[in-house]
Structures are given as C-alpha cells and as structure tokens.
Amino acid sequence: MKLDTRDRLTKARVRMLLKHPFWGNLATRMKIVEASEWCSTAATDGRNFYYNTEFVNKLKPKEVEFLFGHEVLHNVYDHIGRTGDFRDRRLFNCAADFCVNSDLIEQRIGDKITPCLYDPKYKGWSAEEVYDDLYDKAEKIDISDLIQQVLDEHMDGDQGQGDSEGEETDGNGKGRPRLSEEEKRQIKDEIREALLQAAQAVGVGNLPAGVKRLIKDLTKPVVNWRELLQQQIQSTIKDDFSWMRPNRRSWHMDAVMPGMKPGTQIDVCVAIDTSGSI
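1. Remarks on the overall build of the protein
If you tally the helices and strands in the protein, you get 10 helices and 5 strands. When the 278 residues of the protein are sorted by exposure, 38% land in the buried category. Sequence separation of at least 24 residues holds for 60% of the intrachain contacts in the protein that already meet a minimum separation of 6. For the protein, the computed accessible surface area is about 17,500 Å², with 50% contributed by carbon and sulfur atoms.

So, in structure tokens, the structure goes:
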C-alpha cells in the first residue's frame, strides 16, 4: 500500500510539471516522506512533504495535486514564520489555509479537497488580514469548526504527540521532526532560491498576486530613502573624542576618559524635480 501511495504522489507531481510548471518545480524539490505515525493528513517543513498513507489513498488524483499545491504555498508564503508571538496559532493556521486554498482554486490547481477552508471574499488577502477579520468575528463564528477544516498539519515548532524532550528524528517519519533556528533560516533561504529559479524557468505569468508581490520584493528590493540618507550622512560626518568634557562613566574606575564632541548638525533639503527634463 505504501508503495502504491508513493507512486500516486510521484505521478501527481509529474502531472503538475506538465500542466503547471511553476507549481510542479516547487513540488518536486520536496522529499516525499511517509509519516503516518504522527501525521494524520499531510505536512511540510519546507524540505519534506510528509503524508499519511490512508489519507492520501482516499484522495482522487487531482485532489492530490491540490494537496501538493497547498503545501507549496505554505512554504512560499512562509506561514510558519509569520505566526508571531502575539497571535493565536490555531486561528492563524485557519487564516493561512483560507489564503492558500483561495489561490489554488483561482489558479485551478487540481480539485478542491472537501472539507477545506475557503471563502471567495478572502481572494488576494494576506494571512494577517484574514486573521484580523476572523479575530474580530471570533464571538460570532465557531472557531473549533474552522480548526477541524484545516487541511493539513502545520508544523509550528511544537513537539508532536508522543515526542519526548530532546528526542531526535531521522526525517523518515519516525517521530514528529523538530528544526533548530539555524535549520529554519537555511530552509527559508532554500525556498526563496527555489522560488526565484522556478519563476525564471517558467516565467511569472498567471500566478497569484501574493506570489507576484513576493517575487518582486525579492528581485527588486525597495530601500527606504530616509535610511539611505542617514547612512550616507553618518559615514561622512565623524564624531571625535574631547578632553573638554570628560566621560563620567569612567569615574567609578578612578580614571578620567575623554568624552565625545557633540555630533555635527546639518540641514537637509529634499527636492523633487518636476520640470519634466528627466
């Protein structure tokens, strides 16, 4: 059964490569790992695609493509790293699923898995915007019902059921894997590089607006002109030491150290050329 399931997953990725090259490129970079011991549906840590054999076998071929696309977008949007310390993790997972499923349905990636979280009104919204909307309506909606409709297991760094403190995993489904902060940073860089390579290979074309914005930010980063101007001024104007104003912080050491001369102040004028000569 496990071999048949892996074959279904492999064929789904091949179909995505042929019909949706951008998505297929990102899906095939993930290692397929059977993880029925701890994973009830599917999950990803950015490098691996974890799956439950029984869950995958219940899906139709195009629903498997939808599942791959779901995990791909969680990685691309870095939903795990964007939860933050002040947000309710379970509610943010719901918000992330609303965003991902909306993009997949819009792009016609496979067939929607039922049940899953989807609302056409969230088209083009960020996970943070959806979270705020859900949070504002928390007293009017059944949060527990939303949580049950989350399509996959979101690997947010907590140890899974059955894991003991300090338990190590080999990445082959033997226990829920946990990543160090350094590994998370490395995976994030790997995903960004894979995203740019996939976009370069097949072109941005018809992709979700959120993915397009992300690619634009990565290829054409915007520098705040105020920060740039401040760096330039600080590199030009140097402060110096002076014995005219001794440093009081050194007095407790029975020593007299020089203080700093007051920083030079300058006037800055920012003008916009509207003459039309450029």
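2. Some thoughts on the packing of aromatic side chains
Scanning the entire structure with this criterion turns up 7 aromatic pairs. Taking 6.1 Å as the distance between ring centres and 85° as the angle between the ring planes, the aromatic pair formed by F22 and W23 counts as edge-to-face. The same class applies to F22 as to W23, namely buried. Look at Y122 and W125: their rings are 5.0 Å apart centre to centre, the planes differ by 70°, and that puts the pair in the edge-to-face class.

3. Focus on unusual backbone geometry
Omega for the peptide link from T114 to P115 comes to 0°, which places this bond in the cis form. Here P115 is to be found in the loop between α5 (89-107) and α6 (127-136). A positive phi angle is found at D78, which is not glycine, with a value near 50°. Residues other than glycine seldom take positive phi values, yet R108 does so here, at roughly 60°. Examined against the element boundaries, R108 turns out to sit in the loop between α5 and α6.

4. Here's the deal with the confidence of the model for the protein
Looking at the protein, the pLDDT average stands at 84 and 90% of residues meet or exceed 70. Confidence scores differ between elements of the protein, with strand β4 (residues 241-247) showing the lowest mean pLDDT of 76 and strand β3 (residues 48-51) the highest of 96. Low pLDDT (under 50) marks residues 158-173, which in the prediction has 31 contacts with non-local residues, meaning those over four places away or in another chain.

5. Overview of a nonpolar patch on the surface
There is a patch of nonpolar side chains on the surface, built from W225, L229, I266, V268 and V270 and spanning about 450 Å² of accessible area. Inspection of the secondary structure puts V270 in the segment after β5 (257-260).

6. Brief notes about α6
Those residues of α6 that sit buried are A127, E128, V130, Y131, D133 and L134. Where the residues of α6 are buried, they touch α5 and α7 (143-148).

7. With respect to the packing of helix α2 (residues 21-28) against helix α4 (residues 61-76)
At a minimum axis separation of 9 Å, α2 and α4 run at an interaxial angle of 80°. Judged on the interaxial angle alone, α4 and α2 are roughly perpendicular. Within the contact between the two elements, α2 uses W23, L26 and A27 and α4 uses F68, G69, V72, L73 and V76. Looking at the contact of α2 with α4, its residues break down into 7 nonpolar, 1 polar and no charged.

8. Section: the sheet that holds strand β1 (residues 31-34)
In spatial order, the strands read β1-β3-β2; together these 3 strands make up an open sheet with mixed pairing. Among the strands making up the open sheet, the edge pair consists of β1 and β2 (42-44). Going across the sheet, the axis of each strand differs from the next one's by a mean of 25°, ignoring polarity. One ladder, built from 3 bridges, connects β2 with β3; its direction is antiparallel.

So, how was this worked out
Within each chain, residues carry numbers counting from 1 in the order of the written sequence. Per-residue local features are limited, in this predicted model, to residues with pLDDT of at least 70; the limit for side-chain atom pairs, both in listing and counting, is 80 or more; totals at the level of whole chains, interfaces and linings are taken over all residues. To get the side-chain values, all heavy atoms of the structure are used, and hydrogens and water are removed first. Numbered from the N terminus, helices here are DSSP runs of H or I no shorter than four residues, and strands are runs of E no shorter than two. Each residue's exposure class comes from its accessible area (1.4 Å probe, protein chains only) as a fraction of the maximum for that residue type: buried when under 20%, exposed when over 50%, partly exposed otherwise. Note on contacts: a residue pair qualifies if any of its non-hydrogen atoms lie within 4.5 Å across the two residues. In short, Shrake-Rupley with a 1.4 Å probe defines the accessible areas, and a residue's cover is counted only from the protein chains shown. Centres within 6.5 Å make a pair out of two Phe, Tyr or Trp rings, where for Trp the six-membered ring is used; the pair is then stacked when the planes are under 30 degrees apart, edge-to-face when over 60, and tilted otherwise. The score called pLDDT rates the predictor's confidence residue by residue, from a low of 0 to a high of 100. Grouping into patches uses exposed residues only, defined as over 30% relative accessible area, and leaves out salt-bridged ones; the cut-off is 9 Å for like charges and 5 Å for nonpolar side chains (Val, Leu, Ile, Met, Phe, Trp, Tyr). Any Lys or Arg side-chain nitrogen found within 4 Å of a carboxyl oxygen on Asp or Glu counts as a salt bridge. Axis definition: a line fitted to C-alpha atoms, over the contacting stretch in the case of helices. Angles run 0 to 180 degrees between N-to-C directions. Working rule for angles: under 35 degrees goes down as roughly parallel, over 145 as roughly antiparallel, 65 to 115 as roughly perpendicular, anything else as oblique. Gly falls in the polar group here, along with every residue not listed as nonpolar (Ala, Val, Leu, Ile, Met, Phe, Trp, Tyr, Cys, Pro) or charged (Asp, Glu, Lys, Arg). Only strands that DSSP links by at least two bridges are regarded as paired with each other.

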